[in-house]
Amino acid sequence: MKRFQCLPGIILCCIVFISSSTKAQSLAPEWKNKKVKVKEKADIKAYAFNLKDVKLLEGPFKKAMEADAQYLLKIEPDRLLSDFRSHAGLQPKAAKYGGWESSGLAGHTLGHYLSACALHYASTGDEEFRKRVNYIVDELEETQKARKTGYVGAIPKEDSIWAEVAKGNIRSRGFDLNGAWSPWYTVHKIMSGLVDAYLYCDNEKALKINIGMADWVDNLTKNLSDSLIQRMLVTEYGGMNDVLVNTYALTDNKKYLDLSYRFHDRRVLDSLAIRKDILPGKHSNTQIPKVIGTARRYQLTGDQKDLAIADFFWQTVVHNHSYATGGNSNYEYLGDPGKLSEKLSDNTTETCNTYNMLKLTRELFVLNPSSQLMDYYEKALYNHILASQRHSDGMTTYFVPLRMGGKKNYSNPFNTFTCCVGSGMENHVKYGESIYFRGKDGSLYVNLFIPSELNWKENGVRIKQESNVPATNTTTFTITTAKAKSFSIRIRKPHWAKDVRVKMNGQSQNIAADDKGYIELKRKWKNNDKIEFITAAHFYTESMPDNPNRKAIFYGPTLLAGILGDKEPEPEDIPVFVTSSPDPNQWIKPANIDSLSFQTAGTGTPKDVKLVAFNQTVNEHYSVYWDVFTPQEWTVQQKIYEEEKRKRKELEDKTVDMLRVGEMQPERDHDLVGDKIATGDGHGRKWRSTRDSGYLAFTMKVDPSDVNTLICTYWGSDNRGRIFDILVNDVKIGTEDLVKFKMNKFYDIGYPIPKELTASKTSITVKLIARRNTGVGPVYGIRMAKGDVSNLTTPLTNESIYR
């Protein structure tokens, strides 16, 4: 979700990149779930186990869960509840938190936190988390009663905003509804948290509060025409259709099913229903929650249109818009299908996107259990979700950067509270949710190789999974049962396994995978039966769809990152791989297999690289994508690199003056001043920008005897609304619109200065003045060069532009 214009690299506690996330554990059907009153009409072929039935054992996922739990315990519920109470006319019990909780999205974190505590209670049985859930629900009940409308919220100016909407006075943009920052998104978070409190903590009161909110939604929107509803849905609305259809499932009140259809964005969803890809240029995480809702609604109604939407969307995003991590989007937006190679930045792969894609995958898996779905799920879980947490303290990332030489930025415990902090609270306490599924026929699906123990109460069976994949190649399953039981165990054959071997109580089995990618073991299971599932891991690469020479390297399910040190590397210091063999097993060797540490062997240029599991990187600079050349290709490419280096040297020789923006002394030396200025860093450099019609002004030295060119450095990105004039001594010499810079790279743009403006002068004043309601920059560097530098600045050719 974005509120203001994208400024690359901004610190996340500032409100610049703003995305939504939805739900907690997806309400995938469970076998004979008594809380669900509506029987699914679709053919459910696999059923989820409740989190309370799966216990994580020692390993990286349990470590991440424990770090998350420690962070959750540091959060004070009364601070999250502060605005809920004050807006209901009640006295707050504590001061509200900072970050997004002190902004237009106030209240969203409470919904996530409620879900996270409920999920962790289900996963561990820790009573402290159930107590927190019950306390929050009691407090929300008090605020709901005080309001007398059914509504619960903490959004600034919410009463006047909702009153306008109810009257049909709707002013809607992508993230703004009548001046409020995506208010339905926050409503959805709260309702979802209440649903989870009911499902996982048996809190009946939470369901009643949720029903009260659903009735309020119905009353607020019942008099709006369809055209007004569609106008309202231009603003991101999270997964309102999803939580309403789940309210229907939990109550058997068809009113809530009908209400879910009011939150059906026809311009997007109806296009997907006819398999039309309208996703390029769309904000990714605005769309995913809507699609989760259609998948869940299909399960309950059998509406084939809803299924078509969900299936086509999943296939399109996974195969055309996803990176090696399983994540998608750059600057939160989807680009042209398959065009990813030049979209590597510090702002790739928003974590909320993947949080939601995993939910959608679960909803589709129950309908059609397949290894294809779980291969994606595993990739995204291991290489984005697990990689998004700092495992020492549970802090999380908004984006998982994929820029070559990038590094992660982590949240602050009490002053960030972005959407990805909220979804991050949930991500790491529910790793048990998709390891196992129950087949419709009474079989057991084993999807993920995560150390865990399943308590299959219905069958009177416990199954212990011991695994250290991919550091070791054997996963062992031990059956505990008082009575012998006949059923099938279906174990996913992972796409990354070179070969798969199975042993039953030490005896080799000759069993091939079925057409869904699962190896079925069918027998009468006895106490202490053991399965050894042997998956030989190896190195393999995954190329960019639009650049076969740009590759990511995997070992088993694990994406590897090359460690580039603690300091920002120069572009020429980021190695390329030169090898005559396309097989990475020929040019990577183990350093310490137990810790998944490897080393390139003579292929790295200018140096070899240490490779580690990406999900264990913390503060290092790294790369996960590498340019790989044959010796013949490198001979050609090396000349290109040398030419680039020569041009940089020539530009340095022609430089009269340089302003390093964002640094105190250089800015003082150049008399930098301005209005509405912002600063930050990204892509290894500091930047300056302005907002809301601001300006930057500074002095630069010139050569009075030669032609001078002002050169400004920008980063190609989504910079809508960045139009500004360039003035020298109050004479306009150019206008810039940054929307045309689309590739993820630095652009050195030259603005020739008429010679009469520099004649007889040794310095000039430069002003960058934003057009009305737009901003300047970000500008990453400013220099003055003499002579003809047209061949040394960035030519704008073959740029992909859409608005």
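Residues numbered from 1 in each chain as written. Predicted model: local features only at pLDDT ≥ 70, side-chain atom pairs only at ≥ 80, totals over all residues. Heavy atoms only, no water.

Enquirer: Whenever I open this one, the overall build of the chain confuses me. Can you help?
Expert: A count of helices and strands for the chain gives 19 helices and 36 strands. Over its C-alpha atoms the chain spans a radius of gyration of 28 Å, differing by no more than 12% from the 28 Å that the globule rule assigns to 803 residues. Taken along its principal axes, the extent of the C-alpha atoms in the chain is 95 × 70 × 45 Å. For the chain, the residues scored as buried account for 62% of the 803 residues in total. Residue pairs in contact within the chain that sit at least 24 positions apart in sequence constitute 74% of those at least 6 positions apart. Split by element, the accessible area of the chain, about 29700 Å² in all, is 47% carbon and sulfur. The chain carries 110 positive and 97 negative side-chain charges, and their two centres are separated by 3 Å. (Helix = DSSP H or I, 4+ residues; strand = E, 2+ residues; numbered from the N terminus. Rg over C-alpha atoms; globule rule 2.2 N^0.38 Å. Buried < 20%, exposed > 50% of the residue type's maximum accessible area, 1.4 Å probe, protein only. Contact = heavy atoms within 4.5 Å. Areas by Shrake-Rupley, 256 points an atom, 1.4 Å probe, with all protein chains shown as cover. Lys, Arg positive; Asp, Glu negative; His and termini not counted. Charge placed at Lys NZ, Arg CZ, Asp CG, Glu CD.)

Enquirer: Can you help me understand unusual backbone geometry in this one?
Expert: Trans is the common state for peptide bonds, and a negative phi is the common state for residues other than glycine. Between Thr605 and the following residue, Pro606, the backbone shows a cis peptide bond with an omega angle of 15°. Here the residue pair Gly777 and Pro778 is connected by a cis peptide bond, since its omega of 10° sits within 30 degrees of zero. With respect to the helices and strands, Pro778 occurs in the loop between strand 35 (763-770) and strand 36 (781-786). For Lys157, which is not glycine, the phi torsion reads 60° and is therefore positive. Overall, Lys157 belongs to the exposed group, its relative accessible area being 68%.

Enquirer: Sorry if this is basic, but what is going on with the environment of Arg501 here?
Expert: Take Arg501: it is sitting in strand 14 (residues 500-504). Note on Arg501: relative accessible area 45%, which makes it partly exposed. When the C-alpha positions of Arg501 and Leu560 are compared, they lie 25 Å apart, and in sequence the two are 59 residues distant.

Enquirer: Where do I start with the side chain of Thr348 in this structure?
Expert: Considering the arrangement of structural elements, one finds Thr348 in the loop between helix 14 (304-320) and helix 15 (351-365). At a separation of 3.3 Å, a polar atom in the side chain of Thr348 contacts the main-chain carbonyl oxygen of Ser345. A polar atom in the side chain of Thr348 sits 3.1 Å from the backbone oxygen of Val400. Sequence-distant contacts of Thr348, defined by excluding residues within four places in its chain, comprise Tyr323, Ser329, Asn330, Lys343, Phe399, Val400, Pro401 and Leu402. (Polar contact = N/O pair within 3.5 Å; in protein donor to acceptor, adjacent residues only side chain to side chain.)

Enquirer: Can you help me understand the nonpolar core in this one?
Expert: As a rule of thumb, nonpolar side chains are buried together in soluble globular proteins. One finds Leu140, Trp184, Met232, Met240, Leu272, Leu360 and Tyr625 to be the most contacted residues of the largest nonpolar core, which totals 191 residues. Here this core takes eleven residues from helix 7 (residues 183-201), the largest share from any one element. Beyond its immediate chain neighbours, meaning those up to four positions away, Leu140 contacts Leu81, Phe84, Leu110, Leu114, Val152, Leu194 and Ile209. Counting 29 residues, the second largest nonpolar core, distinct from the first, contains Ile733, Ile753, Leu757 and Met784. (Core = buried A, V, L, I, M, F, W, Y, C linked by side-chain atoms within 4.5 Å.)

Enquirer: Honestly, a positive patch on the surface in this entry has me stumped. Any pointers?
Expert: A surface patch of like charges, here positive, comprises Lys55, Arg462, Lys464 and Lys530. One can find Lys530 in strand 17 (residues 530-535). Residue class for Lys530 comes out partly exposed when judged on its relative accessible area of 38%. (Patch = residues over 30% accessible without salt bridge, like charges linked within 9 Å, V, L, I, M, F, W, Y side chains within 5 Å. Salt bridge = Lys/Arg side-chain N within 4 Å of Asp/Glu carboxyl O.)

Enquirer: Where do I start with the sheet that holds strand 14 in this structure?
Expert: Reading across the sheet, the seven strands line up as 2-10-11-12-17-14-15 and stay open at both edges, with antiparallel pairing between neighbours. Looking at the sheet topology across the chains shown, the edges are occupied by strand 2 (54-56) and strand 15 (507-509). Taken pair by pair, the neighbouring strands of this sheet meet at an average axis angle of 20°, ignoring direction. When strand 14 meets strand 17, the two strands line up antiparallel, connected through five bridges. If you follow Arg501 over to strand 17, its bridge partner there is Ile534. (Pairing = 2+ DSSP bridges. Axes fitted to C-alpha atoms, helices over the stretch in contact; angles between N-to-C directions.)

Enquirer: Could you clarify how one ought to interpret the packing of helix 15 against helix 17 (residues 419-427) in this entry?
Expert: A pair of packed helices can be characterised by two numbers: the angle between their axes and the separation between those axes. Here helix 15 crosses helix 17 at 40°, and the two axes come no closer than 8 Å. Here helix 17 runs oblique to helix 15, going by the angle between their axes. When the axes of helix 15 and helix 17 are compared, the crossing they make is left-handed. Side by side, helix 15 and helix 17 meet where Thr351, Cys352, Tyr355 and Lys359 of the first sit next to Cys419, Cys420, Ser423, Glu426 and Asn427 of the second. Considering only residue class, the contact of helix 15 with helix 17 consists of four nonpolar, three polar and two charged. (Parallel < 35°, antiparallel > 145°, perpendicular 65-115°, else oblique. Left-handed = near helix turned anticlockwise from the far one by under 90°. Nonpolar A, V, L, I, M, F, W, Y, C, P; charged D, E, K, R; others polar.)

Enquirer: Help me out: how do you make sense of the sheet that holds strand 33 (residues 731-737) in this one?
Expert: Strands belonging to one sheet form pairs held by backbone hydrogen bonds; the direction of such a pair is parallel or antiparallel. The sheet built from five strands is open, its strands ordered 29-30-35-32-33 with antiparallel pairing. Each edge of the sheet is formed by a strand with only one pairing partner; in this case those strands are strand 29 (673-682) and strand 33. Sheet twist, expressed as the average angle between the axes of neighbouring strands with direction ignored, equals 35°. Across nine bridges, the pairing between strand 29 and strand 30 (residues 685-701) is antiparallel. Bridge assignment links Gly682 to a residue of strand 30, and that residue is Arg685.

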